[in-house]
Amino acid sequence: MTKPLARDGALVGAMLTAAFIAVSFLGWTLFALPFLPFDLFDWIARILPGSIATRGVDAFVAISSLVGGSNLDAAAKPIEQATAVVGLFLAGAAGGGMLFALLRLTNEPPLLPSGIVGAMLGGMALVIEERLDRIATGPALSGPWVFATMLGWGMSLGWAYARLATAGPQGHAATVREGRRRFLIQLGGSTLAGTFMTTLAGVLFGSRDDGLGGTRWSDTHPLPNAGARVAPLAGTRVEFTPLDRHYRVDTNTRAPRIDGDQWRLKAGGLIQSPMAFTLDELRQHDPIHVFATLSCISNPPGGDLISTTRWTGVSLRRLLPELILSDNATHLRITSADGFYEILAIATIRSDERIMLAYAWDGVPLPPTHGFPLRLLVPDLYGMKQPKWIVAIDAVDSWQPGYWVARGWDREGRVALASAIDVVNIATGPAGAKAAELGGIAFAGKRGVSKVEVRVDEGEWQSAQIRDPLSDTTWVLWRATVSVPPGTHAFSVRAFDGEGRVQQENFHTRRTGA
Ligand SMILES: Nc1nc2c(c(=O)[nH]1)N[C@H]1C(S)=C(S)[C@@H](COP(=O)(O)O)O[C@H]1N2
Ligand SMILES: [Mo]
């Protein structure tokens, strides 16, 4: 018997891993079973040392802007998901090679050792899924499914090894090679067809519910700045972001799914006695509504990781008395279902009634991707400080770094002055004179934007008109008209905040000509 090569193992591993991914995909889309490629990726992202994790985020933002231009948001998750799938595929090919190398060392029937390897990998997969809380919160068969698919992967490799070892009449090198070639082609053909069919079935029959049902508040109400004097220049991004276009950033290739009936907000730590709130109990408090712009600290100048909507929830300041805090409590530690957490000073909560536990946006419940059932909203801070999928609040007696702060990001997370040019239109007037119309946004958190200026190339800064914002915690839309000589120019923008400070860095520049 001539033993199959490690190289054959890599090839078989690639084929069977593709099939494995497709079958897992089907289980996920049809039955919400754990999807190992994504979960493995999320787990690795979580355990990586902070410096590598933050560099990874920067790399993903850079790749997303290469692929999506200023439509970072649309590109980001698919790129992350593709990386997860391709990564597991490559690992599967390498694993197949290693398994064949291992099988070559023994003369045992390959099914037993490959079954043991499959079972070991299945056990590791179970531990990872358990860490991510996917087994307990998933459907009943989540654990057996993860284990069985992994075991199946290992044993099919053993089976393929046995088939290759006995391909063709023994002893004739040429016929053995021919027999192996035929087997590999057959296996390749059937795994390819199987992968294609299961993926297609998953795409066709999987539920695609984005959880944004119901009548939106904005469908039936005028926006608070409906009477604003300055109209947005056509081509400027939408002032009130449609919910399905609100950017999304989190450390999960797929969002945690929480059962709203089972869910409780647990309060503990330095409070009189532990408490638990149901969603309905939170909804029974007088709601507050805040128009706020949320931005990711990783949003590059001109990027779309920034959005604006109307948030609804319970003001944390009004909820504090119910918790009956101990005298030494100084901060709240807010924990999410995905292991994310942030620390918020109680003094900060007392200083701003708009800080809320939000359960709705634009009049409809939060969807799973944006934090269902409950998230924190702090109007002046970057998204990194605002946990989604909140499960617990604990009063503590000292500041601690939050999830991203522990990984090296800004401690305070207050939004910096930001401005962007969304559109430049150049028109030729009488006598060949050219005028450029520009429009865009500027944001300074609750400091507000007092002035916006634009310039052409290295020319003088010229002031833009500012449209009344939706509230004093949202971005402003601005527009400007400037005259330009013929040719291509670099248009830049800068903003001033309500305290008169001017933006010093991260200028957005667009180069265009006519
Ligand atoms: N639980 C949890 N909350 C989270 C995150 C996360 O990874 N996990 N990411 C934060 C970051 S970095 C941002 S920018 C905002 C984005 O909120 P959005 O996806 O609703 O726009 O969520 C924040 N809340
Ligand atoms: Mo973020």
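See above for the structure.
The structure presented is a predicted model; accordingly, all values stated were derived computationally and were not measured.

Conventions adopted
- Residues numbered from 1 in each chain as written.
- Chains lettered and ligands numbered in written order.
- Predicted model: local features only at pLDDT ≥ 70, side-chain atom pairs only at ≥ 80, totals over all residues.
- Heavy atoms only, no water.
- Helix = DSSP H or I, 4+ residues; strand = E, 2+ residues; numbered from the N terminus.
- Polar contact = N/O pair within 3.5 Å; in protein donor to acceptor, adjacent residues only side chain to side chain.
- Contact = heavy atoms within 4.5 Å.
- Near = heavy atom within 4 Å.
- Areas by Shrake-Rupley, 256 points an atom, 1.4 Å probe, with all protein chains shown as cover.
- Nonpolar A, V, L, I, M, F, W, Y, C, P; charged D, E, K, R; others polar.
- Salt bridge = Lys/Arg side-chain N within 4 Å of Asp/Glu carboxyl O.
- Buried < 20%, exposed > 50% of the residue type's maximum accessible area, 1.4 Å probe, protein only.
- Phe/Tyr/Trp six-rings, centres within 6.5 Å; stacked < 30°, edge-to-face > 60°.
- Pairing = 2+ DSSP bridges.
- Expected span 1.5 Å × (residues − 1).
- Axes fitted to C-alpha atoms, helices over the stretch in contact; angles between N-to-C directions.
- Parallel < 35°, antiparallel > 145°, perpendicular 65-115°, else oblique.
- Left-handed = near helix turned anticlockwise from the far one by under 90°.

*Asks:* It is not clear to me how the side chain of E239 should be interpreted in this structure. Could you clarify?
*Replies:* Inspection of the secondary structure puts E239 in the loop between α9 (217-220) and β1 (265-269). One polar contact links E239 to R467, side chain to side chain, over a distance of 3.0 Å.

*Asks:* Explain the side chain of D380 to me, please; I cannot follow it from the model alone.
*Replies:* Turning to its location among the elements, D380 is positioned in the loop between β9 (375-377) and β10 (390-396). Within the local environment of D380, its side chain forms a polar contact with the side chain of R414, the two groups lying 2.9 Å apart. If near-sequence neighbours (up to four positions away) are discounted, D380 is found in contact with G413, R414, V415, A444, G445, K446 and R447.

*Asks:* When you look at the site of ligand 1 in this model, what are you seeing that I'm missing?
*Replies:* Close to ligand 1 lie 19 residues; Y247, D338, H370, R375 and K388 are nearest. Within the side chain of R375, one N or O atom sits 2.7 Å away from an oxygen atom of ligand 1. Side-chain polar atom of K388 to an oxygen atom of ligand 1: 2.5 Å apart, as the coordinates give it. Relative to its unbound accessible surface of 530 Å², ligand 1 loses 99% to contact with the protein. A breakdown of the residues in the shell around ligand 1 according to their chemical character gives eight nonpolar, six polar and five charged.

*Asks:* What exactly am I supposed to notice about the pattern of salt bridges here?
*Replies:* When their charged atoms lie close together, side chains carrying opposite charge are able to pair. Counted under the stated rule, the structure contains 25 salt bridges. Of the charged contacts, one joins K451 and E453 as a salt bridge, the two residues approaching to 3.7 Å between their closest N and O atoms. For K451, a relative accessible area of 35% translates into the label partly exposed. Taking the relative accessible area as the measure of exposure, E453 reaches 9% and is therefore buried.

*Asks:* Quick question: what am I supposed to make of the environment of D380 here?
*Replies:* We classify D380 as buried; its relative accessible area is 6%. In sequence terms D380 and V238 are 142 residues apart; their C-alpha atoms lie 21 Å from each other.

*Asks:* Where do I start with the packing of aromatic side chains in this structure?
*Replies:* To describe a pair of aromatic rings, you give the distance between the ring centres and the angle between the ring planes. Enumeration according to the criterion identifies 16 aromatic pairs in this entry. Note on F25 and F35: the rings are 6.1 Å apart at their centroids and 65° apart in plane angle, and the pair reads as edge-to-face. One end of the pair, F25, is in helix α1 (residues 6-31); the other, F35, is in the loop between α1 and α2 (36-47), and 10 residues separate them in sequence. Accessibility expressed as a relative area gives 2% for F35, which makes it buried. Judged by centre distance (4.7 Å) and plane angle (85°), the rings of F35 and F38 are edge-to-face.

*Asks:* So what exactly am I meant to see when it comes to the pairing of strand β16 (residues 476-484) here?
*Replies:* Strand residues, when the strand is regular, have side chains that alternate between the two faces of the sheet. The element β16 is extensively covered by neighbouring structure, given that seven of its nine residues are classed as buried. As defined by bridge partners, strand β12 (residues 434-443) adjoins β16 across nine bridges and the pair is classed as antiparallel. Among the inter-strand pairings, G439 is bridged to a residue of β16, identified as R479.

*Asks:* Got a minute to help me understand helix α5 (residues 111-131) in this structure?
*Replies:* In an α-helix, one full turn covers 3.6 residues, which means residues spaced three or four apart are oriented alike. Relative to the 30 Å expected for 21 residues at 1.5 Å per residue, α5 spans 30 Å between its end C-alpha atoms, a close match to the ideal helical length. Against α2, α4 (72-104), α6 (134-137) and α7 (142-165) lie the buried residues of α5. Directly beyond the C-terminal end of α5, a positive phi value near 65° is found at D133.

*Asks:* Explanation requested: the packing of α7 against helix α8 (residues 173-205) in the structure shown.
*Replies:* For any two helices packed against each other, one specifies the inter-axial angle together with the distance between the axes. α8 packs onto α7 with a crossing angle of 150° between their chain directions and a minimal axis gap of 9 Å. One finds that α7 runs roughly antiparallel with respect to α8. In terms of crossing hand, the pair formed by α7 and α8 is right-handed. Taking contact as the criterion, the partners of W159, A160, R163, L164 and A165 in α7 are, on α8, R180, F183, L184 and L187. Each residue belonging to the contact of α7 with α8 can be placed in one class, and the counts come to seven nonpolar, no polar and two charged.

*Asks:* Looking at this structure, how should I read the sheet that holds strand β13 (residues 449-456)?
*Replies:* Sheet strands associate in pairs through backbone hydrogen bonding, adopting either a parallel or an antiparallel arrangement. Reading across from one edge, β14-β13-β17-β18 is the order of the four strands in this open sheet, with antiparallel pairing throughout. Because the sheet does not close on itself, it has two edges, and the strands there are β14 (462-463) and β18 (508-513). With two bridges joining them, β13 and β14 adopt antiparallel strand pairing. Directly across from E453, in β14, lies its bridge partner S463.

*Asks:* Whenever I open this one, the packing of α4 against α5 confuses me. Can you help?
*Replies:* Closest axis-to-axis distance for the α4/α5 pair is 10 Å, and the angle between their directions is 140°. Accordingly, the angle class assigned to the pair α4 and α5 is oblique. In terms of crossing hand, the pair formed by α4 and α5 is right-handed. For the pair formed by α4 and α5, the contact residues are L99, L102 and L103 on the first element and P113, S114 and V117 on the second. Classifying every residue of the contact of α4 with α5 by side-chain character gives five nonpolar, one polar and no charged.

*Asks:* Is there a simple way to explain the pairing of β12 in this structure?
*Replies:* A large share of β12 lies buried, amounting to eight of its 10 residues. Of the pairings in the sheet, the one linking strand β11 (residues 418-428) to β12 comprises 10 bridges and is antiparallel in character. When the sheet's bridge partners are listed, V423 is paired in β12 with G439. Here β11 folds back onto β12 in antiparallel fashion, the turn holding five residues, of which A431 has a positive phi close to 65°.

Geometric values such as these leave the question of function open.
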